[in-house]
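# Descriptive analysis of the structure
This is what each chain is made of:
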Amino acid sequence: MSTTTRPSGYTAFDGSVRLASGSLEEAALAVKRAVDADTRETVWVFDDATGRSLDLNFHGTAEDVLARVARYRAKAAPSQPEPEPPVDDTAPRGRGRPKLGVVAREVTLLPRHWEWLAAQPGGASVALRKLVEA
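Read on for a plain summary of the structure.

How each quantity is defined
Residues numbered from 1 in each chain as written. Predicted model: local features only at pLDDT ≥ 70, side-chain atom pairs only at ≥ 80, totals over all residues. Heavy atoms only, no water. Salt bridge = Lys/Arg side-chain N within 4 Å of Asp/Glu carboxyl O. Helix = DSSP H or I, 4+ residues; strand = E, 2+ residues; numbered from the N terminus. Buried < 20%, exposed > 50% of the residue type's maximum accessible area, 1.4 Å probe, protein only. Phe/Tyr/Trp six-rings, centres within 6.5 Å; stacked < 30°, edge-to-face > 60°. Pairing = 2+ DSSP bridges. Axes fitted to C-alpha atoms, helices over the stretch in contact; angles between N-to-C directions. Contact = heavy atoms within 4.5 Å.

Another point: the pattern of salt bridges. For the coordinates displayed, the defined rule picks out 2 salt bridges. When the shortest N-O distance is used, the salt bridge between Asp36 and Lys32 registers 2.9 Å. Taken together, the residues Asp36 and Lys32, both in helix H1 (residues 24-36) and 4 residues apart, mark about one turn of the helix. Judged by its relative accessible area of 52%, Asp36 falls in the exposed class.

Now the structure itself:
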């Protein structure tokens, strides 16, 4: 299994339509244009590295939005992921399923998203893993 490092970026969405991917400024300006066009969908900006959505203020001019983005960047300290503990291959295996590094967490989605995931081959977990890997 190979690991690839992707540059940290941001992706903006207008509903399920991707508006932009790139720097936070590019994503924020794309959302600002969508908000100014009076979109009927929910607009989002996601941090590609963490998958977390950002809560940005899109009121005012594009320059106002960029100024707030600059303040957001100044406040947000770059977070370093915690190093994983070394794996001891000599330890005896216990009973049950092997530890594969799978982490169970809660995901909040709209009902239509759950329906789409349920219709995918392999179920929701497989579909989400494939989307993340893509």
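Our focus in this paragraph is the packing of aromatic side chains. The full count for this structure, using the stated rule, is 2 aromatic pairs. Look at Phe13 and Phe46: their rings are 5.9 Å apart centre to centre, the planes differ by 70°, and that puts the pair in the edge-to-face class. Residue Phe13 is located in strand S1 (residues 10-14), and its partner Phe46 is located in strand S3 (residues 43-47); the two are separated by 33 residues in the primary sequence. Accessibility expressed as a relative area gives 25% for Phe46, which makes it partly exposed. Ring geometry for Trp44 versus Phe46: centroids 5.9 Å apart, planes at 20°, classification stacked. The partly exposed category is assigned to Trp44, whose relative accessible area is 39%.

Two orientations exist for strands paired in a sheet by backbone hydrogen bonds: parallel and antiparallel. Read from one edge to the other, the open sheet built from 3 strands follows the order S2-S1-S3, with strand pairing classed as antiparallel. Looking at the sheet topology across the chains shown, the edges are occupied by strand S2 (17-22) and S3. This sheet shows a mean twist of 20° between the axes of neighbouring strands, independent of strand direction. Sheet analysis places S1 next to S3, joined by 5 bridges and oriented antiparallel. Of the residues in S3, the one forming a bridge with Tyr10 is Asp47. Contacting S1, S2 and S3, H1 crosses the sheet at an angle of about 150° to S2.

By themselves, these are just geometric observations and shouldn't be taken as functional.
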